[in-house]
Amino acid sequence: MAENQCSGCPSASSCSSEQRANCSSGQGPQSMQEPANKYSKIKKVIGIVSGKGGVGKSFVTASLAAALKKAGYATGIMDADITGPSIPKMFGVTEEAYGNAEGMILPVETKDGIRLISISLLMENPQDPVIWRGPVIGGAVRQFWTDVVWGELDYLLIDMPPGTGDVPLTVFQSLPVDGIVVVTSPQELVQMIVKKAFRMAEMMDIPVLGVVENFSYLKCPDCGKQIRLFGESHVDEAAAELQIPVLGKLPLDPEMAEAADRGAFYEKEYAYLERAVEVLCRL
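Please read all numbers here as calculations on a predicted model, not as lab measurements.

**Some points on the pattern of salt bridges**
Two side chains bearing opposite charge may form a pair once their charged atoms approach each other closely.
Argument step 1. Scanning the entire structure with this criterion turns up ten salt bridges.
Argument step 2. K43 is the partner of D154 in a salt bridge, and the nearest nitrogen-oxygen pair spans 3.3 Å. Of this pair, D154 sits in strand β5 (residues 151-159) while K43 sits in strand β1 (residues 40-49); the two residues are 111 residues apart in sequence, bridging distant segments of the chain.
Argument step 3. According to the relative accessible area criterion, D154 is buried, its value standing at 16%.
Argument step 4. Taking the relative accessible area as the measure of exposure, K43 reaches 60% and is therefore exposed.
Argument step 5. Between K57 and D159 there is a salt bridge; the shortest N-O distance is 2.8 Å. Within this pair, whereas K57 is found in helix α2 (residues 57-70), its partner D159 is found in strand β5, the two being separated by 102 residues in sequence.

**Description of a nonpolar patch on the surface**
Argument step 1. Together, I227, L229 and F230 make up a nonpolar patch on the protein surface, roughly 260 Å² of accessible area in all.
Argument step 2. Tracing the backbone shows L229 in the loop between β9 (226-227) and α7 (235-242).

Calculation rules
- Residues numbered from 1 in each chain as written.
- Predicted model: local features only at pLDDT ≥ 70, side-chain atom pairs only at ≥ 80, totals over all residues.
- Heavy atoms only, no water.
- Salt bridge = Lys/Arg side-chain N within 4 Å of Asp/Glu carboxyl O.
- Helix = DSSP H or I, 4+ residues; strand = E, 2+ residues; numbered from the N terminus.
- Buried < 20%, exposed > 50% of the residue type's maximum accessible area, 1.4 Å probe, protein only.
- Patch = residues over 30% accessible without salt bridge, like charges linked within 9 Å, V, L, I, M, F, W, Y side chains within 5 Å.
- Areas by Shrake-Rupley, 256 points an atom, 1.4 Å probe, with all protein chains shown as cover.

Here it is, written out as structure tokens:
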């Protein structure tokens, strides 16, 4: 790391001139975190991340939120995957989010009481593509934190887009994230994926709470045998190397996929994420 680079910044270019001046003078980096609004009292903010796309990160976010809600916790989801929002569809949420008299945004509640905000709930036609550059997307994510009336929540889960680009960086720098959960799949490249997400969080000084493996296996409906469509799991080795726990291994479940497609995700049970709920409850 360069001598004058701010701790917690992945590159010197991420720091403002004022921050670099503070670092050089020994004052340390200036916080970039945005304060929550007066209508929001959120106990824990958890980021759900992945090193690559296609591993079912939104599915894990929705599953974990539903599991927390069923355990009795007030839960919200910030759908920060601005260009590929899918959370509202999974819960059957189609109504628009509206503002109050003070210009604040009111989240929409799912049928099981999860508070939800997504760019698709603010668009006249949710099927229109969001063709925005990174800074605009980052600004929208910040507004989901500063301008949404979340009320009192035990947990706010942030479904972030894959990779280590603008939105994860914005969330890590602007929001008081208490920890992240990494989502991956069983393929051999899992170790590279988990390490990439782990090291970004480490650079931003954010704890990694553990890793969830999705698509672990398909259970034969006739004999019950576990069929590993994506090969043998490597998540235990990756987690052991990084000294983080495996929070769950989710199978390919056609019933869950069907429930998500018809917007009835709240009807299902989430036994595979019991350890993840336990870890979050201990924060």
